[in-house]
Amino acid sequence: MTSAQVDTEKTSGGTSGQTSEEGYERGLGSRQVQMIAIGGAIGVGLFLGAGANIAKAGPSLIVMYALAGAIVFFIMRALGELLLYRPVSGSFAEYSREFLGPFFGYFTGWTYWLMWVVTGMAELTAAAIYVHYWFPGIPQWVTALVFLVILFGVNLISVKVFGELEFWFSMVKVTALIGMIVIGLGVLTFGFSAAGDTAAVSNLWAFDGFFPKGVGSSLMTLQGVMFAYLAVELVGVTAGESEDPEKTLPKAINTLPWRIALFYVGALTVILCVVKWTEFAPGVSPFVAAFAKIGIPAGAAIVNFVVLTAALSSCNSGMYSTGRMLRNLADSGEAPAAFKKLSATKTPAFGITISVLFMGIGVVLNYIVPDKAFGYVTSVATAAGIWTWLMILISHVLYRRAVVAGRLPASSFPAPGGAVCSWIAIAFLLFVTCLIAYDPDSRVCLYVMAGWAAALAVGWTILKNRTPAAPTSRDPELEKVG
């Protein structure tokens with residue numbers, strides 16, 4: 001790329017057309033980016049995980065989801081400001097590399113890759129369990145393998161096919177949740193169904209109060225609540241392939257508060273009004289339990305299909321993001337150069353293939369230990385996600401300092417409150433990390449992350465010794481596009 005071309009991209013914000021340093025097809029339209037953003041905020045953590053958290057915290061879980069949702073919005077506005085400063089695919093690693101140094105870019109890229117690989121394993125396991133509900137005779141590992149192959153093929157075809165599939169996955173989740181909310185409001189208002197006699201807003205405080213097990217127990221659910229919000233940052237990975245990131249990304253991020261208010265806070269509030277919190281139990285979806293209480297025919301089967309869709313959506317997103325992150329690492333000399341190649345359909349096919357092979361470990365786990373496979377891999381994703389969010393926030397704080405000092409241009413999508421909200425979110429995430437360390441059932445993920453950090457440190461040392469210039473060199477056109 002010539003200096004004139006670089007200047008042109010700087011002037012245009014790097015958002016028009018296909019940037020030469022990316023090589024991706026800008027095939028994700030506004031409709032798809034919007035629905036990917038919505039789908040990222042609705043996952044298995046809500047459909048299944050909320051049951052265990054209700055048992056721990058009662059109605060106060062609503063406040064925990066609202067509090068965590070506000071922090072997630074701070075994270076996404078910080079990411080949005082960075083994305084409009086320089087929209088690139090694999091953004092988290094790229095911003096960590098620019099503002100914190102090559103090692104942090106390397107660590108963040110590989111850790112985000114790990115997050116999605118283990119999430120993919122977990123979601124394949126979950127999907128197999130959901131299919132087992134209808135077809136108990138089919139071995140769990142067979143179903144997991146079939147879904148793995150199908151989604152792999154979708155991701156190799158083109159980004160447009162990925163976006164379209166994710167659009168419809170998200171549409172199913174959104175429609176189902178809205179339907180559940182409307183039915184619940186109908187029960188509360190008109191008193192129909194088997195739950196009509198006991199459904200009341202007073203259920204939120206009538207059974208040992210709004211904080212029935214104390215504030216401490218409520219706070220301990222924050223780690224599970226944050227897991228439910230993982231993947232909301234996926235919209236940042238789409239930046240390099242969005243048709244018009246200047247318009248689509250701010251819109252997707254700014255609609256996050258109402259998505260959280262409706263799909264998390266709203267849905268849980270309605271359910272806890274319809275069914276008293278003492279009737280929910282760990283391991284049972286609160287939505288399935290609510291449908292059973294209301295007495296809707298085939299309600300459990302409907303929710304099972306929705307949760308299956310959520311699992312496949314997450315796995316589909318994982319394949320998409322891992323390939324892009326590996327290519328970003330290869331561009332920086334922090335992964336094998338083979339990951340830089342794009343297929344004829346402009347997808348990082350080799351990176352996706354390697355990631356899918358690692359996700360295939362989940363199929364093996366489903367064959368060896370089908371009852372324990374899901375639990376083996378989920379906690380790691382939370383720790384890796386918290387690291388990614390911290391890197392976004394710290395990069396944002398450093399970017400704002402550079403803007404104030406006049407070293408970098410201001411973004412067209414500044415975060416409200418500047419860096420103050422980012423500092424609040426950083427403190428909150430560190431607090432959640434302390435909660436994880438305090439809980440003996442969840443702190444194992446911190447041990448895994450410590451081992452992962454040690455492995456990456458060894459890899460970094462080998463990388464620097466073999467190619468001293470690779471971890472620190474950057475192509476000029478990647479430095480300041482936008």
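Residues numbered from 1 in each chain as written. Predicted model: local features only at pLDDT ≥ 70, side-chain atom pairs only at ≥ 80, totals over all residues. Heavy atoms only, no water.

This brings us to the overall build of the protein chain. When helices and strands are counted, the protein chain shows 21 helices and 0 strands. When the 482 residues of the protein chain are sorted by exposure, 57% land in the buried category. Relative to all contacts within the protein chain whose residues are 6 or more apart in sequence, the contacts with residues 24 or more apart total 81%. Total accessible area on the protein chain stands at roughly 17900 Å², and carbon and sulfur atoms take up 69% of it. (Helix = DSSP H or I, 4+ residues; strand = E, 2+ residues; numbered from the N terminus. Buried < 20%, exposed > 50% of the residue type's maximum accessible area, 1.4 Å probe, protein only. Contact = heavy atoms within 4.5 Å. Areas by Shrake-Rupley, 256 points an atom, 1.4 Å probe, with all protein chains shown as cover.)

Moving on, we come to helix H15 (residues 286–294). Turning to H15, its buried residues are Pro 286, Phe 287, Ala 290, Phe 291 and Ile 294. Each buried residue of H15 sits inside an arc of 135° when the element is viewed along its axis, so together they form one side. Remark: Gly 295 follows H15 within two positions and exhibits a positive phi of approximately 90°. (Arc of directions from axis to C-beta.)

By size, the foremost hydrophobic cluster in this structure holds 146 residues, and its most contacted members are Tyr 65, Trp 110, Leu 177, Tyr 229, Phe 287, Trp 389 and Leu 429. The biggest single contributor to this core is helix H7 (residues 102–134), with 17 residues. Leaving out residues up to four positions away in the same chain, Leu 177 has contacts with Ile 42, Leu 46, Phe 47, Phe 263, Ala 267 and Phe 287. (Core = buried A, V, L, I, M, F, W, Y, C linked by side-chain atoms within 4.5 Å.)

On to a nonpolar patch on the surface, then. Taken together, Trp 141, Leu 145, Val 149, Val 364, Tyr 367 and Ile 368 make up a surface patch of nonpolar side chains, about 590 Å² in accessible area. At the level of elements, helix H8 (140–157) and helix H17 (349–368) are the ones that each hand at least two residues to the nonpolar patch. Within the secondary structure, Tyr 367 sits in helix H17. Since its relative accessible area comes to 59%, Tyr 367 is described here as exposed. (Patch = residues over 30% accessible without salt bridge, like charges linked within 9 Å, V, L, I, M, F, W, Y side chains within 5 Å. Salt bridge = Lys/Arg side-chain N within 4 Å of Asp/Glu carboxyl O.)

Before going further, it helps to examine the packing of H7 against helix H20 (residues 444–466). Their axes nearest at 11 Å, the elements H7 and H20 cross at an angle of 130°. In terms of orientation, H7 and H20 fall into the oblique class. Note on packing geometry: the crossing formed by H7 with H20 is right-handed. Taking contact as the criterion, the partners of Pro 102, Phe 103, Tyr 106, Phe 107, Trp 110, Thr 111, Trp 113 and Leu 114 in H7 are, on H20, Met 449, Trp 452, Ala 453, Leu 456, Gly 459 and Trp 460. (Axes fitted to C-alpha atoms, helices over the stretch in contact; angles between N-to-C directions. Parallel < 35°, antiparallel > 145°, perpendicular 65-115°, else oblique. Left-handed = near helix turned anticlockwise from the far one by under 90°.)

Turning our eyes to something else, we now look at helix H5 (residues 61–85). Between the first and last C-alpha of H5 there are 36 Å, a value that for 25 residues agrees with the 36 Å anticipated at 1.5 Å per step. Summarising burial for H5: 20 of the 25 residues are buried, a large majority. (Expected span 1.5 Å × (residues − 1).)

Take the confidence of the model for the protein chain next. Any residue range with low pLDDT should be treated as having predicted coordinates unsuitable for detailed reading. Residues of the protein chain with pLDDT of at least 70 account for 83%, and the chain-wide mean is 81. Per-element confidence in the protein chain ranges from a low mean pLDDT of 36 for helix H21 (residues 476–479) to a high of 95 for helix H19 (residues 420–438). Segment residues 1–21: pLDDT under 50, and 37 contacts once partners within four positions in sequence are set aside and those in other chains are kept. The low-confidence segment residues 473–482 (pLDDT under 50) makes 32 contacts with residues lying over four places distant or belonging to another chain. (pLDDT = per-residue confidence, 0-100.)

Another aspect to go through is the pattern of salt bridges. With the rule as written, the count across this model stands at 5 salt bridges. Of the charged contacts in the structure, one is a salt bridge between Glu 81 and Arg 400, with a shortest N-O distance of 2.8 Å. One end of the pair, Glu 81, is in helix H5; the other, Arg 400, is in helix H18 (residues 373–404), with 319 residues separating them in the sequence. Taking relative accessible area as the criterion, Arg 400 reaches 22% and is therefore assigned partly exposed. For Glu 98, the salt bridge is made with Arg 86, and the minimal N-O distance between the two is 2.7 Å. With Glu 98 in helix H6 (residues 91–100) and Arg 86 in the loop between H5 and H6, this pair connects stretches of sequence that are 12 residues apart. Note on Glu 98: relative accessible area 24%, which makes it partly exposed. Judged by its relative accessible area of 1%, Arg 86 falls in the buried class.

Tallying each qualifying case throughout the model produces 19 aromatic pairs. The interplanar angle of 50° and the centroid separation of 5.9 Å between the aromatic rings of Phe 103 and Phe 107 together place this pair among those described as tilted. Of this pair, Phe 103 and Phe 107 are both found in helix H7, 4 residues apart, which corresponds to roughly one turn of the helix. Judged by relative accessible area, which is 27%, Phe 103 ranks as partly exposed. Residue Phe 107 is classed as buried on the basis of its relative accessible area, which comes to 7%. Seen in terms of ring centroids, Trp 113 and Phe 358 are 5.3 Å apart; in terms of plane orientation they differ by 85°. Their pairing is edge-to-face. (Phe/Tyr/Trp six-rings, centres within 6.5 Å; stacked < 30°, edge-to-face > 60°.)

Following both chains from N to C, one finds helix H13 (residues 245–254) and helix H14 (residues 256–274) inclined at 35°, their axes separated by 4 Å at the closest point. Between H13 and H14, the contacting residues are Ala 252, Ile 253 and Asn 254 on the first element and Leu 256, Pro 257 and Arg 259 on the second.

Inspection of the secondary structure puts Leu 429 in helix H19. As a C-alpha pair, Leu 429 and Leu 222 span 207 residues in sequence and 9.8 Å in three-dimensional space. Once residues lying within four places of it in the same chain are set aside, the contact partners of Leu 429 are Ile 75, Met 226, Ile 386, Trp 389, Leu 390 and Leu 393.

For Val 270, the position within the fold is in helix H14. Val 270 sits in the buried class, given a relative accessible area of 11%. As a C-alpha pair, Val 270 and Val 187 span 83 residues in sequence and 9.6 Å in three-dimensional space. If sequence neighbours within four positions are ignored, Val 270 has contacts with Ile 181, Gly 184 and Leu 185.

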